[in-house]
Amino acid sequence: MALDLAYQDRGTIIHRLDPRVKLLWWLSINVTLATWNDPICLFLLLASVFIYGRIAGIPVRQGLRNLLPVLPFILFVLIANIAFWRPPHGAAAHFIGYVVPPGTPVIPAIPFYWETVVFSIGTMLRLSTIVSSALILIKTVSPAELALAIVKMGVPPEIGMALSMTIAYIPVVVGQLISVMEAQQSRAWKVKTSNPIARFRAYIPITIPTFFRSFQAAEAMAAAMMSRGFGYDIDHRTELKPSKFETKDWIMAGIFAAFLVGGFLLGFLGYTQYTFTMHILGFR
Amino acid sequence: MPDEVQVYSLHYDKFAFAYGQEGGDEVVRDISLSLPEGHVVLITGPSGAGKTTICRAANGLIPHEFKGKMQGRVTIAGKYDSRKYGVSALSKIVGVLQQDPDTQLFNPTVEDEIVFGACNYGLPAETIRERTARLLELTRLTALSRKNPHNLSGGQQQACALASILAFDPGTLVLDEPTSNVDPIGSKEVLDLVARLAREEGRTTLLVEHKIEELVHLVDEMIVIDQGNVLHRGTVREVLEHVEYIDSVGLSVPQVALLAARLRRVGWPIGKLPLDVDEAIKTLSPLLEREAIAQLPAPPARHIQHNNKEVIVDIRQLTHTYKDGTAAVRDLNLQIHRGEFVAILGQNGSGKTTLVKHLNGLLKPTSGSVTVAGLDTKKASINEMAMTVGFIFQNPDTQICKMKVYDELAFGLKNVGLSETEVDQRVKQAAQDLEITHLLDKNPFLLSMGEKQRIAVASVLAMHPAILVLDEPTTGQDFKRSREIMDLAVRLHAEGQTIIVITHDMNLAAEYCDRVIIMAGGRSILDAPTRDAFLAQDALHASSLRPPQVTWLGHLLGYTSAWLTVDEAFSSLNSVGIGAGHGT
């Protein structure tokens, strides 16, 4: 499981791309989705992420399985949207009913609209896309390559190395999470509720020891990095495999750059807003 | 060479350190230590003795990264004051390897891991490639160079971490318990490598270790510290003259040295204490009549034998295959009776942890069945399994999740839905049994590691499990703390508790357990009473396990049964009674 989230050189065409191209792919997805909130468009975007992952040798089932741990957070976002998000033109919105009726003591009334449903689904898909694209990036770019790539893009070397080490740290944390879950299951810990808030609370016995151990591990890892010359003279660090930008990299970079610009413009001009799905569903 | 002109690779001058901005209690006090070039110095001592602090000071992690109040001076290569140079700069001269390989491996492949430091120091690419190839060969990792380091065995991980230091060729090595998480084969591999580097390449080495038995012929100087102070220092032979005292403060010592010291104390004419089994044979043979030893009876059973016929664990044809296709346990049959004290031995990857995770339902059989106290683990609920099998993990930090010790002890009990009264009663009883009643209102995160371990054990015992499983109680622990946990297990066993210990520590299994199951390749290759198991040379050899020193000594002296502890060997030899008569 821990290694599910680590870079593995599967030798696919994606793995052979220049790390900067893969970073551009990730950016194109994430910049685009920041301007989109339509569930159909976001579903297609998520599907494109899984297809990219499949080409990189990552089974779709594995991609979906990796989303399971963040499911409580996705559900939490859904609830938060239902509670707090309102259609901008309330009078013209399509009212379904009240989640909390007017006149309830203490809690204000919470109306529920078709727009809320559509928008919330979009938000869930957006969160899923963010997580999936990040995981695929982690699995297809070696942390060391990533550091070098972003340093070449002008990012300060210290930040590049810190980012790469953060990614390398993920399998360690996941390994710790698994051992903590096993220890708590041995004392009858289980998530026995479908209520997302109670579910969120049920994870506290897992979160606290994991954070505590992760903090210890981070301290040890930082000491290990320093003890191996991290930051000694980063401008003159030896590069064993200097990367070259080849034709395939230029082509893929062109495609991703075009997608980034196109996706951003579509979102910016309002074509990929939730109203698109509302229209398809017949709401005017 | 006069002392004032001697250039030391590493020199501690009245070094003292207290962690924290406020500078609390000093963990190391007034330590002076000099490592001439090419020397190997061993530091040993119980947990909290200050060993890791000394290692951290070698390359400037103290005072630069770990904040606190430092006194005295640490000088590297005779001229670099650790206060004035950064960690990265000093590490080029002093390579420091820490305990836990997991947190030292952060690159995607073994090869990337090894080159990381050398690249940071800007060594020429060709030099790095040559060194990497040589180090891969030296550490026997060539075939694994493209593997993720986290996929390696414990010994291979430590060898990889060590190679990653050697790649930039520091003149001095500081190794902080390099075998603490490693099985016997891995330990031997790592220590052999350290020995080769020290002897063949003349590398100055500061080594922190508990496994003195393996190092007696490697080190030039041995230092025993406790609570920040030096207790003894000198050559290994000089220090081990105090072997009984060192044993009494809870450190692991060579069994043959301890045995000889005890015989000497009762009048046997023993001059130098032996450091290994070969020396012990030479020392003791002239003082013994082999015929008398051959006729010595087997020592009596040490623990209460409950002789309960009830089968509490019934495993039939168990096979477990992980998702990646690894068959960790194959076609295993095993029965454990109520009240037994069983050790499951084997190297890393032999399948012992996979096996015991089936006992409380953490893993389900791929095929076959596991029945525990009448419950089929495939069908039993988490509550049922938690109330039946108590699992004590290596590291208490894995499970502590509450801000109050009382709540920590009540955690499992509340999870299974016991009433408040029942919870309160059980928490207080468990706290009393583990002598932690005074801690019930404290925050467990602020307590010592030993106290946390007792809290973790109490929270499991409060569930009143029928079976108690101890997962590697010696890994990452010092000898004293492992003993504390095992002594508690003995107490519980005396009350009728079934105990299962997973370990690769032969001395521990020999001293405490009544039955030994040796696993290799996912199968049980030996299942026998402990004394018989340690006489089964073929099975031990097949699983690359070695019996305790005293067992092997007895075998070489012609004893037909097996001594499992120093006490047993001492009683037997003393009863033969001729040793004291020679030359006294």
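Since we're looking at a predicted model, the values are computed, not measured. (Residues numbered from 1 in each chain as written. Chains lettered and ligands numbered in written order. Predicted model: local features only at pLDDT ≥ 70, side-chain atom pairs only at ≥ 80, totals over all residues. Heavy atoms only, no water.)

Engineer: Would you mind showing me how to read the overall build of chain B here?
Structural biologist: The number of helices and strands found in chain B is 23 helices and 20 strands. Here chain B has a C-alpha radius of gyration of 25 Å; the compact-globule value for 584 residues is 25 Å, and the two agree. Carbon and sulfur atoms make up 48% of the accessible area of chain B, which totals about 22,600 Å². Counting 57 positive and 72 negative side-chain charges, chain B places the centres of these two groups 2 Å from one another. (Helix = DSSP H or I, 4+ residues; strand = E, 2+ residues; numbered from the N terminus. Rg over C-alpha atoms; globule rule 2.2 N^0.38 Å. Areas by Shrake-Rupley, 256 points an atom, 1.4 Å probe, with all protein chains shown as cover. Lys, Arg positive; Asp, Glu negative; His and termini not counted. Charge placed at Lys NZ, Arg CZ, Asp CG, Glu CD.)

Engineer: So what exactly am I meant to see when it comes to the overall build of chain A here?
Structural biologist: Across its full length, chain A carries 12 helices and two strands. Of the regular secondary structure in chain A, the N- to C-terminal order runs α-α-α-α-α-β-β-α-α-α-α-α-α-α. With respect to the principal axes defined by its C-alpha atoms, chain A has extents near 70 × 50 × 30 Å. Looking at chain A as a whole, 46% of its 284 residues qualify as buried. Across chain A, the 23 positively charged side chains and the 14 negatively charged ones have centroids separated by 11 Å. (Buried < 20%, exposed > 50% of the residue type's maximum accessible area, 1.4 Å probe, protein only.)

Engineer: Looking at this model, I keep getting lost on the interface of chain B and chain A. Mind explaining?
Structural biologist: The accessible area lost on association of the parts is a frequent measure of interface size. Listed per partner, the contact involves 65 residues of chain B and 50 residues of chain A. Roughly 4,800 Å² is buried in total at the junction of chain B and chain A, and carbon and sulfur atoms are behind 60% of that figure. Where chain B packs against chain A, one counts three salt bridges. Taking the shortest distance from any N to any O, the salt bridge between A:Arg187 and B:Glu408 comes out at 2.7 Å. (Contact = heavy atoms within 4.5 Å. Buried area = accessible area lost by both parts, 1.4 Å probe. Salt bridge = Lys/Arg side-chain N within 4 Å of Asp/Glu carboxyl O.)

Engineer: Just to check I follow, could you spell out the side chain of B:Gln158 for this structure?
Structural biologist: Residues and elements named next belong to chain B. Structurally, the position occupied by Gln158 is in helix 6 (residues 154-166). Separated by 3.1 Å, the side chain of Gln158 and the backbone oxygen of Pro178 make a polar contact. Not counting chain neighbours up to four residues away, the residues in contact with Gln158 comprise Leu97, Gln98, Gln99, Pro101, Gln104, Glu177, Pro178, Val182 and Val190. (Polar contact = N/O pair within 3.5 Å; in protein donor to acceptor, adjacent residues only side chain to side chain.)

Engineer: Got a minute to help me understand the side chain of A:Arg228 in this structure?
Structural biologist: Counting through the fold element by element, A:Arg228 comes out in the loop between helix 10 (204-226) and helix 11 (247-268). When its relative accessible area of 2% is taken as the criterion, A:Arg228 is described as buried. A distance of 2.6 Å separates polar atoms of two side chains, one belonging to A:Arg228 and the other to B:Glu113.

Engineer: Looking at this structure, how should I read the environment of A:Ser133?
Structural biologist: Residue and element names in this part refer to chain A. Within the secondary structure layout, Ser133 lies in helix 6 (residues 114-140). Overall, Ser133 belongs to the buried group, its relative accessible area being 0%. Sequence-wise, Ser133 and Leu46 are 87 residues apart; in three dimensions their C-alpha atoms are separated by 8.4 Å. Excluding anything up to four places from it in sequence, Ser133 contacts Trp25, Trp26, Ile29, Asn30 and Val49. Polar contacts involving the side chain of Ser133 include one to the main-chain carbonyl oxygen of Ile130, which spans 3.0 Å.

Engineer: Would you mind going over the environment of B:Ala528 with me for this structure?
Structural biologist: All names here are of chain B. With respect to the element layout, Ala528 can be found in strand 20 (residues 523-529). Classification of Ala528 as buried rests on a relative accessible area of 12%. Along the primary structure Ala528 and Arg515 are separated by 13 residues, whereas in three dimensions their C-alpha atoms are 5.7 Å apart. Apart from residues lying up to four places away in sequence, Ala528 is in contact with Arg515, Val516 and Ala533.

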